[in-house]
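So the chains spell out like this:
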Amino acid sequence: MNPFRRPLIAGNWKMNAGGQEACVLANEVAAKTRRFDRVDVVLAPPFTAIAAVAHEVEETRGSIDVDEGFGVGVAAQNMHHLQSGAFTGEISTPMLRDAGATWVILGHSERRQHFYETDHGVALKTKAALDAEIRPIVCIGETLAEREAGETLQVIERQLRAFMAAFEPSPGFGVIAYEPVWAIGTGKVAKPEDAQEVHARIRELLAEVSEEVAEATRILYGGSVKADNAAGLLEQLDIDGALVGGASLDAEGFVKIVEAAQQVADKLAEEEGGPPSGQRNAGELDADTGADERDTGDATSSEEGAPPSSADGVPASDGAVGIEPDDDDAVDDRENT
Ligand code: PEP
């Protein structure tokens, strides 16, 4: 982690806790993470529980915590890129916002693997999420075969370039999650130094857009993160948090991961003079509401290099040349399957 990027710990509940149990879990997490004021927490329940979890989180944490600069955000695990229409079984961005989600996980490897999501489809969804002021957590990562073939960095680059080509990235546009597919749900966690190498490469690619984008973008690690391995990962310079699957279904274990992030952040702030407790990441939307604090006059929001957002809430271009897509990945209006 780095003292100038607020860590983010996101829980991906996958196809679990879609009913009453979601409220119990959300309540416990929201209540027990309240004291960790250097860490942003996001929960991603199934669609059926988004509204209930958003309500629960609001009840538990209230607006006071938001005023103090931290809170618990609610994410969807997927979305359609169009706003409405004859797409049976799909969920659009206005529906997510109505339900209380201001974040969305996109391109998770389980969706790429089981539901045939493509780089192109992920790009369409990322653009649509940003247009709707929903912050994307875009997942990228190599399979075991790709890793064994020494192709990890090429795969990461291809996936990153594909979705970044869909919009003009500006600081705080969203979050990237590096999730090696072989580490998801397997108990095999990447070695911290191996994960760091990939995260550093991702940041290097982001710097092709601009240094500000590279510095402000949070890059999470995902893949069998648990309370006992979180600190080692979070201590790496370019690992800004974690996307947690299985371990996020146990409130106690998940809270310990948030606590680990807080401890690393506390140590960094002490050693390196980071921002005082409770302040936000440079150039980011508010974790709970999606409201852009950069326009509020808040002293924490005017970090150098963070350009203002445009009137429609989509971060304005910083004028830098974006990462160019391969021709095959060019984004158009084609239907995503
Ligand atoms: C995930 O689903 O994004 C994930 C990282 O799962 P797990 O933590 O269970 O490996």
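Residues numbered from 1 in each chain as written. Predicted model: local features only at pLDDT ≥ 70, side-chain atom pairs only at ≥ 80, totals over all residues.

Asks: Would you mind going over the overall build of the protein with me for this structure?
Replies: Helix and strand content of the protein: 11 helices and 8 strands. Buried positions account for 51% of the 337 residues belonging to the protein. (Helix = DSSP H or I, 4+ residues; strand = E, 2+ residues; numbered from the N terminus. Buried ≥ 20, exposed ≤ 12 C-beta atoms within 10 Å, placed from the backbone.)

Asks: It is not clear to me how the packing of helix H1 (residues 20-32) against helix H11 (residues 251-272) should be interpreted in this structure. Could you clarify?
Replies: Packing of H1 against H11 leaves a shortest axis separation of 10 Å and a crossing angle of 30°. Considering the angle they form, H1 stands roughly parallel to H11. The handedness of the crossing between H1 and H11 comes out as right-handed. Facing H1, whose interface residues are Leu25, Glu28, Val29 and Lys32, H11 presents Ala251, Phe254 and Val255. Residues belonging to the contact of H1 with H11 are distributed by class as follows: 5 nonpolar, no polar and 2 charged. (Axes fitted to C-alpha atoms, helices over the stretch in contact; angles between N-to-C directions. Parallel < 35°, antiparallel > 145°, perpendicular 65-115°, else oblique. Left-handed = near helix turned anticlockwise from the far one by under 90°. Contact = placed C-beta atoms within 7 Å. Nonpolar A, V, L, I, M, F, W, Y, C, P; charged D, E, K, R; others polar.)

Asks: What is the right way to read H1 from this model?
Replies: Given 3.6 residues to a turn, an α-helix orients residues that are three or four positions apart in the same direction. Look at H1: 19 Å from first C-alpha to last across 13 residues, which is about the 18 Å you get at 1.5 Å a residue. If you check which residues of H1 are buried, you get Ala22, Leu25, Ala26, Val29 and Ala30. An end-on view of H1 places all buried positions within 125° of arc, on one side of the element. (Expected span 1.5 Å × (residues − 1). Arc of directions from axis to C-beta.)

Asks: Would you mind going over the nonpolar core with me for this structure?
Replies: If you look at soluble globular proteins, the nonpolar side chains tend to sit buried side by side. Formed by 91 residues in total, the largest nonpolar core has its most connected members in Ala75, Val104 and Ile257. Tallying contributions element by element places H11 first for this core, with 9 residues. With residues near it in sequence (within four places) discarded, Ala75 still touches Ala10, Val42, Leu43, Ala44, Ala101, Trp103, Val104, Ile105 and Ile137. (Core = buried A, V, L, I, M, F, W, Y, C linked by C-beta atoms within 7 Å.)

Asks: Hey, could you run me through the sheet that holds strand S5 (residues 135-140) in this one?
Replies: Adjacent strands of a sheet form backbone hydrogen bonds with each other and so pair up, either parallel or antiparallel. Here 8 strands make up a closed barrel; going around it, the order is S1-S2-S3-S4-S5-S6-S7-S8 and the pairing parallel. Here the average twist between neighbouring strands, direction ignored, is 25°. (Pairing = 2+ DSSP bridges.)

Asks: Looking at this model, I keep getting lost on the confidence of the model for the protein. Mind explaining?
Replies: Parts of the model with low pLDDT should not have their predicted coordinates read in detail. Averaged over every residue, the pLDDT of the protein is 83; residues scoring 70 or more account for 78%. Throughout residues 63-69 the model reports pLDDT below 50, and contacts reaching past four residues in sequence, or to other chains, amount to 12 contacts. When the criterion is pLDDT under 50, residues 282-337 qualifies, and its contacts beyond four places in sequence or with other chains add up to 110 contacts. (pLDDT = per-residue confidence, 0-100.)

Asks: Sorry if this is basic, but what is going on with the packing of helix H7 (residues 152-164) against helix H8 (residues 192-206) here?
Replies: Relative placement of two packed helices is described by the angle separating their axes and the distance separating the axes. Relative orientation of the contacting elements H7 and H8 amounts to 40°, with a least axis distance of 10 Å. Judged on the interaxial angle alone, H8 and H7 are oblique. Of the two elements, H7 crosses H8, and the hand of that crossing is right-handed. Touching Thr152, Leu153, Ile156, Glu157 and Leu160 of H7 are Val198, Arg201, Ile202 and Leu205, all from H8. A per-class count over the contact of H7 with H8 returns 6 nonpolar, 1 polar and 2 charged.

Asks: How should unusual backbone geometry be read in this particular structure?
Replies: For residues other than glycine, phi is negative in most cases, and the peptide bonds are mostly trans. Residues other than glycine seldom take positive phi values, yet Tyr116 does so here, at roughly 55°. Within the element layout of this structure, Tyr116 appears in the loop between helix H4 (109-114) and helix H5 (119-131). Tyr116 gets classed as exposed once you count the C-beta atoms within 10 Å, which come to 10. The residue Ser224 is not glycine, and still its phi comes out positive at about 60°. Relative to the assigned elements, Ser224 resides in the loop between strand S7 (218-222) and helix H10 (230-234). Among the residues examined, Ser224 registers 21 C-beta atoms within 10 Å and is labelled buried.

Asks: How should I be thinking about the pairing of strand S3 (residues 72-76) in this particular structure?
Replies: Of all 5 residues making up S3, 5 are buried, and the element is well covered by its neighbours. Here S3 shows no split at all, with Val72, Val74 and Ala76 on one side and Gly73 and Ala75 on the other all buried. With 3 bridges connecting them, strand S2 (residues 40-44) and S3 associate as parallel partners. Residue pairing across strands places Leu43 opposite Val74, the latter belonging to S3. Two strands pair when backbone bridges link them, and S3 and strand S4 (residues 103-106) are joined in this way by 2 bridges, in the parallel orientation. Counted as the bridge partner of Ala75 is Trp103 from S4. The handedness of the S3 to S4 crossover, carried by helix H3 (residues 93-99), is right-handed. (Right-handed = clockwise from strand over helix to strand, strands pointing away.)

Asks: So what exactly am I meant to see when it comes to the pairing of S7 here?
Replies: Among the 5 residues of S7, 5 are classified as buried, and the element is accordingly described as predominantly covered. The two faces of S7 match: Arg218, Leu220 and Gly222 on one face and Ile219 and Tyr221 on the other face are all buried. Looking at chain direction, strand S6 (residues 175-178) and S7 are connected through 4 bridges and run parallel. When the sheet's bridge partners are listed, Ile176 is paired in S7 with Ile219.

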